[in-house]
Amino acid sequence: MKTLQSLINEAKKIVVLQADNPDGDSLASSLALEAILSDMDKDVILYCGVDMPGYLRYMKGSDRVVKILPKTFDLSIIVDTSSLLLLETLQKSNELGWLKTKPCIIIDHHATESTIDFAAVEHIKPAVSTGELIYDLCKDNDWPLPLDAAEHIASSIMSDSLGFISESTSADSMRIIAELMDKGVSLAKLDAARREYQKKQPELLTYKSELLKRVKYSEDKAVAYITIPWKEIEKYSPLYNPSMLVIDEMRQVIGVKVAVALKSYPDGRVTAKLRANYGFPVCDKAAEQFGGGGHPYASGFRVTDGSSTDDVLAKCLQAISDELAKAKKDNQ
Ligand SMILES: [Mn+2]
């Protein structure tokens, strides 16, 4: 049984993979690994099956992520997911078979059980972000930590901790941040760069107002939901993820426990994003009923069996209702 360190020692060319739902943590963790492993004289290629969303372009190096798995490599490292469903692009392009011919390491902080069955080493531990795990690996294995890697790790923690306030932000996360600042990381500088790229086109503000008018409620206004059709996804998602324009506003309505945004695609696929308020940790369990996963307060899933958006919505609202009832019972 090889260790994570021995696999890295033996490899010269390493591909770092993100799932089909890249976010601030997956990208920052990939970029941190790229900087660290390059310092160790490795050739590093960053892969993701889909384009990096615009709001992540502030991270220096985001344009180095490629959509084609390289023809040759010695080792792969999958970051920030252990769900095979989220590697659909690789499955569709038949690149997954190629990936399996070389050793693979998973580095992930999600609590849901791994469905990737071909990894040689699974480094899966609860943490606020994958970047936090990478920082610990650096310390434990005496890896180099150049400033750009330190900045990316800080960005990954800031991103998944939602600015150090999420439930899974621990004292350890804050100690890591303090150590990164000692190494020269400026949180103010990182956040200013992020905010600059978060500025929105004026038409997005108009679209947001239209979305807000369409928010509906169920469960005696404890659940807020919205559905987003393909024609809007097509038009606006190159500028911004439509769900993310409104889901936090929906969650910030008095009485709302869970906010849900569904998106429908022309191939019949329906995707969902769930966000819960503190005290109602039901998102991961509700998403698991659809083969998805995530965290208690933030999760997602996709349905590809041809169900209509209305059907998925009805089942999703039922799943949330059931989980809220269970959570209430457990609390009594
Ligand atoms: Mn993450």
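What counts and how
- Residues numbered from 1 in each chain as written.
- Predicted model: local features only at pLDDT ≥ 70, side-chain atom pairs only at ≥ 80, totals over all residues.
- Pairing = 2+ DSSP bridges.
- Helix = DSSP H or I, 4+ residues; strand = E, 2+ residues; numbered from the N terminus.
- Axes fitted to C-alpha atoms, helices over the stretch in contact; angles between N-to-C directions.
- Contact = placed C-beta atoms within 7 Å.
- Core = buried A, V, L, I, M, F, W, Y, C linked by C-beta atoms within 7 Å.
- Buried ≥ 20, exposed ≤ 12 C-beta atoms within 10 Å, placed from the backbone.
- Expected span 1.5 Å × (residues − 1).
- Domains from an automatic or database assignment.
- Nonpolar A, V, L, I, M, F, W, Y, C, P; charged D, E, K, R; others polar.
- Parallel < 35°, antiparallel > 145°, perpendicular 65-115°, else oblique.
- Left-handed = near helix turned anticlockwise from the far one by under 90°.

Description of the sheet that holds strand β12 (residues 298-303)
Right, so step 1: A sheet is described by the order of its strands in space; here six strands give the open sequence β7-β8-β9-β10-β12-β11, paired in mixed fashion. Every interior strand has two partners, whereas the edge strands, β7 (216-218) and β11 (293-295), have only one. Strand-to-strand twist in this sheet, taken as the mean axis angle between neighbours without regard to direction, amounts to 20°.
Right, so step 2: Bridge analysis of strand β9 (residues 258-264) against strand β10 (residues 270-276) gives seven bridges, and the strand direction is antiparallel. Each bridged residue has a counterpart across the sheet, and for serine 264 the counterpart in β10 is valine 270.
Right, so step 3: Along the sheet, helix α11 (residues 242-251) makes contact with β8 (223-228), β9 and β10, crossing β9 at roughly 160°.

Let's talk about the nonpolar core
Right, so step 1: By size, the foremost hydrophobic cluster in this structure holds 57 residues, and its most contacted members are Ile14, Val16, Ala32, Ile77 and Ile153.
Right, so step 2: A per-element tally of this core places helix α2 (residues 24-39) first, with eight residues.
Right, so step 3: Not counting chain neighbours up to four residues away, the residues in contact with valine 16 comprise Ser30, Leu33, Glu34, Val44, Leu46, Tyr47, Ile77 and Val79.

Let's talk about the environment of leucine 27
Right, so step 1: Within the secondary structure, leucine 27 sits in helix α2.
Right, so step 2: Take leucine 27: there are 27 C-beta atoms within 10 Å of it, and that puts it in the buried class.
Right, so step 3: With 35 residues separating them in the primary sequence, leucine 27 and serine 62 have C-alpha atoms 7.2 Å apart.
Right, so step 4: Contact partners of leucine 27, with chain neighbours within four places excluded, come to Gln18, Pro22, Met52, Leu56, Met59 and Ser62.

A closer look at helix α5 (residues 130-141)
Right, so step 1: With twelve residues, α5 should reach 16 Å at 1.5 Å per residue; the first-to-last C-alpha distance of 16 Å fits that figure.
Right, so step 2: The set of residues buried in α5 consists of Thr130, Gly131, Glu132, Leu133, Ile134 and Tyr135.
Right, so step 3: Elements in contact with the buried residues of α5: α2, β4 (75-79), β5 (104-108), β6 (121-124), α6 (147-160) and α7 (171-182).
Right, so step 4: Phi turns positive one or two residues past the end of α5, at aspartate 142, with a value near 55°.

Focus on the environment of serine 30
Right, so step 1: Inspection of the secondary structure puts serine 30 in helix α2.
Right, so step 2: For the pair serine 30 and alanine 188, spaced 158 residues apart in sequence, the C-alpha separation works out to 22 Å.
Right, so step 3: Excluding its chain neighbours within four sequence positions, the residues that come into contact with serine 30 are Val16, Gln18, Leu46 and Val79.

Quick word on the domain arrangement of the protein chain
Right, so step 1: Parsing the protein chain into structural domains produces domain 1 (4-196) and domain 2 (202-331).
Right, so step 2: On a C-alpha basis, the centres of domain 1 and domain 2 stand 26 Å from each other.
Right, so step 3: Contact residues are listed per partner, giving ten residues for domain 1 and eleven residues for domain 2.
Right, so step 4: Tallied by class, the residues present in the side of domain 1 that touches domain 2 amount to three nonpolar, six polar and one charged.

Quick notes on the pairing of β10
Right, so step 1: Among the seven residues of β10, seven are classified as buried, and the element is accordingly described as predominantly covered.
Right, so step 2: On β10, burial covers both faces: Val270, Ala272, Leu274 and Ala276 on one face and Thr271, Lys273 and Arg275 on the other are all buried.
Right, so step 3: As consecutive antiparallel partners, β9 and β10 are separated by five residues, and within that stretch glycine 268 has a phi angle of approximately 95°, a positive value.
Right, so step 4: Note that β10 and β12 share six bridges and pair antiparallel. Residue pairing across strands places alanine 272 opposite phenylalanine 301, the latter belonging to β12.

Some points on the packing of helix α9 (residues 202-213) against α11
Right, so step 1: Running from N to C, α9 and α11 cross one another at 55°; their axes reach a closest spacing of 10 Å. Accordingly, the angle class assigned to the pair α9 and α11 is oblique. Helix-helix and strand crossings are classified by hand; for α9 and α11 the assignment is right-handed. In this structure, α9 contributes Leu204, Lys208, Leu211 and Leu212 to the contact, and α11 contributes Pro242, Leu245, Val246 and Glu249.
Right, so step 2: Of the residues that constitute the contact of α9 with α11, the class distribution is six nonpolar, no polar and two charged.

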